[in-house]
Amino acid sequence: MKELHDLTDLQLAILREIWRRKRATVTDVYEALLDETGLAKKTVGTMITRLEKQGFLEHYTEGREFVYEPTVSEEEVGRAKVRNIVDRLFGGSVTALVSHALEAKDVKPGDVERVRALIAEFDKKKTRERKR
C-alpha cells in the first residue's frame, strides 16, 4: 500500500467523497467532483482503479457497476498526514507543532480552551491505559 501521507489532493478528494457516502460508484464520484475538478469520467475511473490497486479501496459488483468502499478511514489518513508534517517540519516535536499553531494569527476564541480539554482527555486516556 502506498503511504497514507503521500496521497495527492485529487486522491483525497475522491476518498473524501467515498468516505462521505460510505460507498460509491465511479459515476457518483465523477458527478460530485465535476464542478471542482472538471475531470472526465474516465479519468476519475482511472484514479479510483489506482486507489484500489494501492489498497485504499475495494469493490463489489452491484448490477452492472462496481461499487467502491474505503479500506482506510479518514482518521487513519489524517493521523498519517499529521505525523508526516510533525516529522518533516517540526523534527518530530508535537510541542513545536502546537506552539507554531498557537502563534498563528488565526487562533479563534475558544481554541486554546479546546486544546486544553483535548490534552486533559488525552492524559485521562493514557492514565487508564497504564492501569490496565
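First things first, this report covers the structure right here in the doc. (Residues numbered from 1 in each chain as written. Predicted model: local features only at pLDDT ≥ 70, side-chain atom pairs only at ≥ 80, totals over all residues. Heavy atoms only, no water.)

Before going further, it helps to spend a moment on the pairing of strand β1 (residues 57-62). Where β1 meets strand β2 (residues 65-70), six bridges bridge the pair, whose relative direction is antiparallel. Looking at the pairing, Glu58 lines up with Glu69 of β2. The antiparallel pairing of β1 with β2 creates a hairpin that spans two residues between the two strands, and Gly63 there sits at a positive phi of about 65°. (Pairing = 2+ DSSP bridges. Helix = DSSP H or I, 4+ residues; strand = E, 2+ residues; numbered from the N terminus.)

Below, the discussion takes up the nonpolar core. Ile14, Val29 and Ile48 are the most contacted members of the largest nonpolar core, which has 20 residues in total. For this core, the secondary-structure elements that each account for two or more residues are α1 (9-21), α2 (26-37) and α3 (41-53). Looking at which element gives the most residues to this core, the answer is α1, with six residues. Contacts of Ile14, omitting those with residues within four sequence positions, involve Val29, Leu33, Met47, Ile48 and Leu51. (Core = buried A, V, L, I, M, F, W, Y, C linked by side-chain atoms within 4.5 Å. Buried < 20%, exposed > 50% of the residue type's maximum accessible area, 1.4 Å probe, protein only. Contact = heavy atoms within 4.5 Å.)

Next up on the list: the side chain of Thr27. Here Thr27 is to be found in helix α2. Overall, Thr27 belongs to the buried group, its relative accessible area being 19%. With near-sequence residues (within four places) excluded, Thr27 lies in contact with Lys41 and Glu65.

The next point concerns the packing of α1 against α2. One way to put it is that α1 packs onto α2 with a least axis distance of 10 Å and a crossing angle of 135°. Considered as vectors, α1 and α2 are oriented oblique to each other. Judged by the sense of rotation from one axis to the other, the crossing of α1 with α2 is right-handed. Along its contact with α1, which presents Leu10, Ala13, Ile14, Glu17, Ile18 and Arg21, the element α2 presents Asp28, Val29, Ala32, Leu33, Glu36 and Thr37. When the residues that make up the contact of α1 with α2 are grouped by side-chain class, the tally is seven nonpolar, one polar and four charged. (Axes fitted to C-alpha atoms, helices over the stretch in contact; angles between N-to-C directions. Parallel < 35°, antiparallel > 145°, perpendicular 65-115°, else oblique. Left-handed = near helix turned anticlockwise from the far one by under 90°. Nonpolar A, V, L, I, M, F, W, Y, C, P; charged D, E, K, R; others polar.)

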